[in-house]
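Architecture and fold: a report
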Amino acid sequence: MIEPLMSDENICGSGFLYIVILDPALLPSESPFDDAVLLEHAVGDRTRWDADYAGFARAKARVSWRSGQDSHRVQTSQPHALREGDSLLWGSVCLDGIVVAVSGAHPWYDEAFAMCIAANLRAIAKGRHAKARDADRLSA
C-alpha cells in the first residue's frame, strides 16, 4: 500500500521512509523509550538517504508516546507540552495507544502512512481477540 506511493514526489520527495512502531503495552511511566520500540523498518535504499530519517521518526514517536497524541496535534494545539529537545517535526500518531511514526514523506503523508499502519495493527489485535473469544479463552 505504501511502497507504490513512494515514487510520487508529491507524496514522498525523498523516496525513502523510516517507520517506528512502539509497544502499546509499555507506558512512559513504566519503561524507557528505547525499551518501548517494538519495530523499526527502513523502506528504500538506506545508503542514499539525505537525512537522518530514523532519528526523525524516533523523535516523532517519542512525542506521541509521551503525550498520547498525534505529533501534529501537540505541535499545533499544545506546544506548551513540548519539552526541551523535542522534535518540531510531525508525522506520528497515537491511535488507541498504538504509536507509529513515519519519516521521509511530506509530514501529512508521514501521518497518513502512520495512521494506516496503526489502524492495521489495531485490526490485527481485534481479529486475534475475536478468535480467542470464539475459542472460549477468557484471558489474553
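Quick summary incoming for the structure in this document. Numbering of residues starts from 1 in every chain and runs along the sequence as written. Given that the model is predicted, a residue must reach a pLDDT of at least 70 before its local features are reported, and side-chain atom pairs must reach 80 or more before they are shown or counted; all residues, however, enter totals for whole chains, interfaces and linings. Water and hydrogen atoms were dropped before computing side-chain values, which therefore reflect all heavy atoms in the structure.

Positive phi values are uncommon outside glycine, yet Asp96 reaches one of about 50 degrees. Numbering goes from the N terminus for both helices and strands, where a helix is a DSSP run of H or I of at least four residues and a strand is a run of E of at least two. If you trace the backbone, Asp96 turns up in the loop between β3 (92-95) and β4 (98-103). Buried, partly exposed and exposed residues are distinguished by accessible area as a fraction of the type maximum, computed with a 1.4 Å probe on protein chains only: under 20%, between the cut-offs, and over 50%, respectively. Judged by its relative accessible area of 60%, Asp96 is exposed. Even without a glycine there, the phi angle at Asp136 is positive, about 60 degrees. Its relative accessible area of 64% is what places Asp136 among the exposed residues.

Further remarks concern the side chain of Gln75. Tracing the backbone shows Gln75 in helix α3 (residues 71-77). Think of a polar contact as two N or O atoms within 3.5 Å of one another; within protein, one of them needs to be a possible hydrogen donor and the other a possible acceptor, and neighboring residues in sequence only count if both atoms come from side chains. Polar contacts involving the side chain of Gln75 include one to the main-chain carbonyl oxygen of Ser87, which spans 2.8 Å. Sequence-distant contacts of Gln75, that is, excluding residues within four places in its chain, are made with Leu82, Ser87, Leu88, Leu89 and Trp90. In what follows, a contact means two residues having at least one pair of non-hydrogen atoms within 4.5 Å.

Two side chains carrying opposite charge are able to pair once their charged atoms lie near each other. Salt bridges are counted wherever a side-chain nitrogen of Lys or Arg sits within 4 Å of a carboxyl oxygen of Asp or Glu. Considering all chains together, one arrives at five salt bridges under this definition. Lys60 serves as the salt-bridge partner of Asp110, at 2.8 Å between the closest nitrogen and oxygen. Taken together, the positions of Asp110 in helix α4 (residues 107-134) and Lys60 in helix α2 (residues 53-67) put the pair 50 residues apart, joining distant regions of the chain. Arg122 is the salt-bridge partner of Asp96, the closest N and O atoms lying 2.6 Å from each other. Linking Asp96 in the loop between β3 and β4 with Arg122 in helix α4, this pair joins segments that are 26 residues apart in sequence. Through salt bridges that share partners, Asp34, Glu40 and Arg58 make up one connected network.

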